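# Descriptive structure summary
Here's the letter readout for the chains.
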Amino acid sequence: MRIRRGYGKKKRSSPGRAAAVTAARQAEKSLGRAEELLDQGRAHEARDILDELDRRSPNSPAVLALLTEAIYELKDFEAYPHTCERLLRLTPDDPTVALNLAAAYMINIHPAHALRAFRRFLQRWPDHPRADEARRTAADLEPTLARELAAIGLAGAEGEELGWLHEEAVILNSYGEYIRGLQAAEQLLQRRPDFVPALNNASLSAFSEGDLAQAIAYARRAIEADPHSVHAHANLAHYLFVRGETAEALEVAARLKALPVSTLDQYVKQAEALSYLGDDQGVLDVFAAVRRAGTLDPGDALFYDRQRAERLARCRPLLDRKQFHTSEFAAFCQAQIGLLVAEKEYGGAHQWLHLWESMDAGNPHQEYWRKRLEPFSIERLLGGWLNQER
């Protein structure tokens, strides 16, 4: 009998294959550990593990399913839609994921996306146990969306589609997908060239991609369309300052200060722009105006409460009330940091920067504040606190 070569010998595995097997086993072990932590109510620790697994294997349904659960348990509703979207692309036949995505859009106040998601769910699974609930929710959303679209000038037969494009630009910017966000804004602008929110979104996308010339052009268009746009003036002042055109930036900032301001997001946007320009007194004036207005929700005392610990303690409930989207939270943090710098409370400014970094890691605007706070070393700050305690 002919003996085959290698018969009875242990088959050798290549180093690459062995490493892959080891990595797969480690990933499986880490996934199991994350699931245990979730069962124990330790969602923060579970998310740390799952975020790392997601970076290594971004298209793993098992990882994304647990990551979505962890994000929900942590009430990080800003991140929730993105993970639901990614999971649904990988598991398109899962009705629960589809329904969760629709709910995620509702939580984040994206009614056009929510309505479209509920309709897709009902078309695909009309007899699902929760189909009646989805129908009622969709029916309630329709008049609500119509009112909101009319309020921003997008009423009419194509209003829902235009509203969806507007939300899509906002959503993609919040995900850090600025090129796609710009594309969505431009699609809307092709049909409504003077729609100021789309111009503002486009300018933010272009700026975040490093295209200052295009960002400035969009901001100028927005001001031409609405000379009273607080957001457009704030954006333009910021972009001009970054490009080194300080004189014009200050002129735009002066016009910004003179604009009528009545809403919380407008106050925040004003303070954000003035902070970039180093106008500490201007930031203080904005917060003084907030005090004088006296029309904000009691929870917004966060803006002018000078006790750092109390501000930080109140931040979580404010987020749980879903008042801000990611971009708005970034502006809010910048306004807080700017106020604290103006008041020379550098320790509080560092705390707000760390909070912002922990909730919105990688935001390109954080680098500016890191550099601005760099001269105030931890040693110096600790010395100041120790002196106050003696």
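Everything numeric in this text was worked out from a predicted model, so none of it was measured.

## A closer look at the overall build of the protein
Tallying secondary structure elements over the protein gives 20 helices and 0 strands in all. Within the span of the protein, comprising 390 residues, buried residues form 45% of the whole. Here the contacts in the protein between residues at least 6 apart in sequence split such that 54% fall between residues at least 24 apart. Looking at the protein as shown, the accessible area adds up to about 20,800 Å², and 51% of this sits on carbon and sulfur atoms.

## A few points about unusual backbone geometry
Even without a glycine there, the phi angle at isoleucine 109 is positive, about 60°. As for its placement among the helices and strands, isoleucine 109 is situated in the loop between α5 (95-107) and α6 (111-124).

## Some remarks on the packing of helix α9 (residues 178-191) against helix α11 (residues 212-225)
Axis separation between α9 and α11 bottoms out at 14 Å; the angle between their running directions is 35°. Our pair here, α9 against α11, has a crossing hand that is left-handed. Listed contacts from α11 to Leu182, Glu186 and Leu189 of α9 are Gln214, Tyr218 and Arg221. Among the residues making up the contact of α9 with α11, the classes are represented as 3 nonpolar, 1 polar and 2 charged.

## Some remarks on a negative patch on the surface
Together, Glu35, Asp39, Glu69 and Glu73 give the surface a local cluster of negative charge. When contributions to the negative patch are tallied by element, the ones reaching two or more residues are α1 (15-39) and α3 (61-73).

## Comments concerning helix α2 (residues 43-56)
Taking 1.5 Å as the rise per residue, α2 with 14 residues should run 20 Å; its terminal C-alpha atoms sit 20 Å apart, in good agreement. Looking only at α2, the buried set comprises Ala43, Ala46, Arg47, Leu50, Leu53 and Asp54. The arc that holds every buried residue of α2, seen down its axis, measures 130°, which confines them to one face. For α2, the exposed residues lying more than 90 degrees away from the buried face are His44, Asp48, Arg55 and Arg56.

## Observations regarding the confidence of the model for the protein
Residues at a pLDDT of 70 or more form 79% of the protein, whose mean pLDDT is 81. Within the protein, the element-level pLDDT minimum falls on helix α20 (residues 378-389), averaging 36, and the maximum on α11, averaging 98. Every residue in residues 1-9 scores below 50 in pLDDT, and together they form 0 contacts with partners more than four places removed in sequence or on other chains. Between residues 377-390, whose pLDDT stays under 50, and residues either more than four places distant or in other chains, the model counts 7 contacts.

What counts, and where the lines are drawn
- Residues numbered from 1 in each chain as written.
- Predicted model: local features only at pLDDT ≥ 70, side-chain atom pairs only at ≥ 80, totals over all residues.
- Heavy atoms only, no water.
- Helix = DSSP H or I, 4+ residues; strand = E, 2+ residues; numbered from the N terminus.
- Buried < 20%, exposed > 50% of the residue type's maximum accessible area, 1.4 Å probe, protein only.
- Contact = heavy atoms within 4.5 Å.
- Areas by Shrake-Rupley, 256 points an atom, 1.4 Å probe, with all protein chains shown as cover.
- Axes fitted to C-alpha atoms, helices over the stretch in contact; angles between N-to-C directions.
- Left-handed = near helix turned anticlockwise from the far one by under 90°.
- Nonpolar A, V, L, I, M, F, W, Y, C, P; charged D, E, K, R; others polar.
- Patch = residues over 30% accessible without salt bridge, like charges linked within 9 Å, V, L, I, M, F, W, Y side chains within 5 Å.
- Salt bridge = Lys/Arg side-chain N within 4 Å of Asp/Glu carboxyl O.
- Lys, Arg positive; Asp, Glu negative; His and termini not counted.
- Charge placed at Lys NZ, Arg CZ, Asp CG, Glu CD.
- Expected span 1.5 Å × (residues − 1).
- Arc of directions from axis to C-beta.
- pLDDT = per-residue confidence, 0-100.

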